[in-house]
Amino acid sequence: MAKRNNGEGTLRKRKDGRWEGRITVSYKEDGKPVYKSVFAKTKGECSDKLKKLIQEHREAQLILNRCAFLDNADPTLEEWYEIWMESFCKASVKEYTAKGYAQYFKVKILPKIGNIKIKNISTVVCQQFLMDMYKNGRIRNVNEKGNALSSKTVKDIKIALQVCLQKAVDEGLIRDNPCSKVQLPKDEPKEMKTLKSSEIAAFLEEAKDSNCYEFYFLEITTGLRLGEILALTWDDLDIKNKTITVNKQVQRIGKELRITTPKTKASIRKISICDECLSQLLVLRSRQRIDTRLMFPSPITEKYRDPSSVTRKLHRMQKRAGIPQIRFHDLRHSFATLSLEQGMDIKTVSHMLGHTDAGFTMNTYMHVTDKMQQTVASAMGNLISEKENEKRNKIIQYTA
């Protein structure tokens, strides 16, 4: 005969001698109950298991009542990813970022750990998965680049997984984010590549021959991001105040080039340009059709230029100019480095670059700021030495 356990389940001794604890977890369409059971050799042990089962069921019901978007209170990572992507991610991040997350999940994350329930994903599971990405994560170009993924790609995968699991924490599905405690190998600091003054002169000379002088003159004197400079329209130029407004960027999303908001709020800014830059832009404007809206349209389509085509052309120009091959982003580094070396204060450089705070700029260009600090220290030392010498000379003159 079955015995009730405080009205929240039943305990009974089976014919095989074992004890069974059972609760009703749901009902079928025909009204018949669906049970969940636990088993034990003794009544006391079974009673304890039943209490735990009841508690877990209560917690699951609370989750389902609170989270109407869930069909299962104990989802796998793949099940949770689908909900997170559709219900949260696409509504809270830029389309470009959401597509990046989706790509990492579908190609890298879900094939490896997608079938694990999120409550069973531990820090060890995340750690082992990500370390395996370092060794065996590459799928394409294996013969050329080997099996390992770059550290940047692994870090981006970690970010995608961590953001997904953090939302599960926020919704009460799991208590802690297991990915937040993962320790990835530290990268060796890479030497920043920048162009020297002499190299910039040679590069700009080549830019003239390649019919893109104004584009690169503006870049080297402002440090704009590639997507930002490609999105500029003539309405963004304030001739009277000699400023340019940066409030959009060109990004490739899938197979399309789209205009999106800048990287951060700090990236929406107004920057000053020099007289020569303004003069060059006005000459450029005079050569364009009167109805041209973009500052630097594609010479083929007259629409937005493809960032990848700009990069390819840049490398060909560098080769012809006989200067080291660097990324477009390194032109931004060149602007910042030269500006700091010329005495521009770190806060102004930070604003020009669209950084969120000057501390990030200072950390990024530590090699320059260290040199500037040494220059200041030497200048102060020379000043004090001069004062001491003046004082010493006066004493000698007085005693003489």
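The coordinates are above.
Attention here is on the structure that accompanies the text.

Reading the values: the criteria
- Residues numbered from 1 in each chain as written.
- Predicted model: local features only at pLDDT ≥ 70, side-chain atom pairs only at ≥ 80, totals over all residues.
- Heavy atoms only, no water.
- Salt bridge = Lys/Arg side-chain N within 4 Å of Asp/Glu carboxyl O.
- Helix = DSSP H or I, 4+ residues; strand = E, 2+ residues; numbered from the N terminus.
- Buried < 20%, exposed > 50% of the residue type's maximum accessible area, 1.4 Å probe, protein only.
- Axes fitted to C-alpha atoms, helices over the stretch in contact; angles between N-to-C directions.
- Parallel < 35°, antiparallel > 145°, perpendicular 65-115°, else oblique.
- Contact = heavy atoms within 4.5 Å.
- Nonpolar A, V, L, I, M, F, W, Y, C, P; charged D, E, K, R; others polar.
- Polar contact = N/O pair within 3.5 Å; in protein donor to acceptor, adjacent residues only side chain to side chain.
- Core = buried A, V, L, I, M, F, W, Y, C linked by side-chain atoms within 4.5 Å.
- Expected span 1.5 Å × (residues − 1).
- Arc of directions from axis to C-beta.
- Phe/Tyr/Trp six-rings, centres within 6.5 Å; stacked < 30°, edge-to-face > 60°.
- Disulfide = S-S within 2.5 Å.
- Pairing = 2+ DSSP bridges.

**Considerations on the pattern of salt bridges**
Part 1 of the argument: With the rule as written, the count across this model stands at 20 salt bridges.
Part 2 of the argument: R258 serves as the salt-bridge partner of E95, at 2.3 Å between the closest nitrogen and oxygen. On the criterion of sequence distance, the pair formed by E95 in helix 3 (residues 95-113) and R258 in strand 8 (residues 256-260) is long-range, its members being 163 residues apart.
Part 3 of the argument: For R258, a relative accessible area of 25% gives the class partly exposed.
Part 4 of the argument: K248 is the salt-bridge partner of D236, the closest N and O atoms lying 2.7 Å from each other. With a gap of 12 residues between them, D236 in the loop between helix 9 (226-230) and strand 5 (237-238) and K248 in the loop between strand 6 (243-246) and strand 7 (249-253) connect regions that are remote in the sequence.
Part 5 of the argument: When salt bridges that share partners are traced, they join R12, R14, D16, R18 and E20 into one network.

**Let's talk about the packing of helix 2 (residues 77-92) against helix 3**
Part 1 of the argument: Relative orientation of the contacting elements helix 2 and helix 3 amounts to 175 degrees, with a least axis distance of 11 Å. Looking at the two axes, helix 2 sits roughly antiparallel to helix 3. The segment helix 2 lies against helix 3, with L77, E78, Y81, W84, M85, C89 and K90 engaging A98, Y101, A102, F105, K106, I109, L110 and I113.
Part 2 of the argument: Tallied by class, the residues present in the contact of helix 2 with helix 3 amount to 12 nonpolar, no polar and three charged.

**Side note on the environment of S350**
Part 1 of the argument: Tracing the sequence through the fold places S350 in helix 13 (residues 346-353).
Part 2 of the argument: For S350 and A266, which are 84 residues apart along the polypeptide, the C-alpha to C-alpha distance reads 9.5 Å.
Part 3 of the argument: Of the polar contacts made by the side chain of S350, one reaches the side chain of T361; its length is 3.0 Å.

**Some remarks on the side chain of R225**
Part 1 of the argument: In this fold, R225 is placed in the loop between helix 8 (213-222) and helix 9.
Part 2 of the argument: A distance of 3.0 Å separates a polar atom in the side chain of R225 from a polar atom in the side chain of S267.
Part 3 of the argument: Every residue in contact with R225, bar those within four places of it in the chain, is listed here: K263, S267, R269, F328, R332, L353, G354 and H355.

**With respect to the nonpolar core**
Part 1 of the argument: If you look at the biggest cluster of nonpolar residues, it comprises 47 residues, and the most contacted ones within it are F215, Y216, L218, I229, I244, L281 and F328.
Part 2 of the argument: Within the residue set of this core, elements represented by two or more residues are helix 7 (197-209), helix 8, helix 9, strand 6, helix 10 (275-287), helix 11 (307-321), helix 12 (328-341) and helix 13.
Part 3 of the argument: Excluding its chain neighbours within four sequence positions, the residues that come into contact with F215 are L226, I229, L230, F296, V310 and F328.
Part 4 of the argument: Counting 37 residues, the second-largest nonpolar core is a separate cluster that includes I83, F88, L130 and L149.

**Observations regarding helix 11**
Part 1 of the argument: Between the first and last C-alpha of helix 11 there are 21 Å, a value that for 15 residues agrees with the 21 Å anticipated at 1.5 Å per step.
Part 2 of the argument: Taken residue by residue, helix 11 has P307, V310, L314, M317 and Q318 as its buried positions. All buried residues of helix 11 project into a common sector of 100 degrees when viewed along the axis, lining one side. Exposed positions of helix 11 whose direction lies more than 90 degrees from the buried face are K319 and R320.
Part 3 of the argument: Downstream of helix 11 by one or two residues, G322 has phi in the positive range, about 70 degrees.

**Re the packing of aromatic side chains**
The description of two aromatic rings rests on the distance between their centres and on the angle between their planes.
Part 1 of the argument: Following the criterion strictly, the structure yields 11 aromatic pairs and no others.
Part 2 of the argument: Between the aromatic rings of W84 and Y101, the centroid separation amounts to 5.9 Å while the plane-to-plane angle is 35 degrees, which identifies the pairing as tilted. Here W84 is found in helix 2, whereas its partner Y101 is found in helix 3, with 17 residues between them in sequence.
Part 3 of the argument: Classification of Y101 as buried rests on a relative accessible area of 12%.
Part 4 of the argument: A ring pair is formed by W84 and F105, whose centres lie 5.7 Å apart and whose planes are at 50 degrees; its orientation type is tilted.

**Looking at the state of the cysteines**
Part 1 of the argument: If you walk through the whole model with that rule in mind, you get zero disulfides.
Part 2 of the argument: As a non-bridged cysteine, C89 has C164 as the owner of its nearest cysteine sulfur, 8.4 Å distant.
Part 3 of the argument: Between C179, a free cysteine, and C126, which holds the nearest cysteine sulfur, the sulfur-to-sulfur gap is 4.4 Å.
Part 4 of the argument: What makes C179 buried here is its relative accessible area of 0%.

**Details of the pairing of strand 6**
Part 1 of the argument: Inspection of the sheet shows strand 5 paired to strand 6 by two bridges, in the antiparallel sense. Residue pairing across strands places D238 opposite T243, the latter belonging to strand 6.
Part 2 of the argument: Counting the residues between successive antiparallel strands, the hairpin from strand 5 to strand 6 contains four residues, one of them, K242, with a positive phi of roughly 55 degrees.
Part 3 of the argument: Relative to strand 9 (residues 269-272), strand 6 is paired through four bridges, and the arrangement is antiparallel. Residue pairing for strand 9: T245 is matched across the bridge by K270.

**Observations concerning the pairing of strand 8**
Part 1 of the argument: As judged from the five bridges shared by strand 7 and strand 8, these two strands associate in the antiparallel manner. Note that in strand 8 the partner of Q249 across the bridge is T260.
Part 2 of the argument: The hairpin turn running from strand 7 into strand 8, its antiparallel successor, is two residues long, and G254 in that turn takes a positive phi close to 70 degrees.

**Focus on the packing of helix 2 against helix 6 (residues 151-170)**
Part 1 of the argument: For the pair helix 2 and helix 6, interaxial distance at closest approach is 10 Å and the crossing angle is 85 degrees. By the angle between their directions, the pair helix 2 and helix 6 is classed as roughly perpendicular. The segment helix 2 lies against helix 6, with L77, W80, Y81, W84 and F88 engaging A160, L161, V163, C164, L165, K167 and A168.
Part 2 of the argument: Residues of the contact of helix 2 with helix 6, tallied by class, amount to 11 nonpolar, no polar and one charged.

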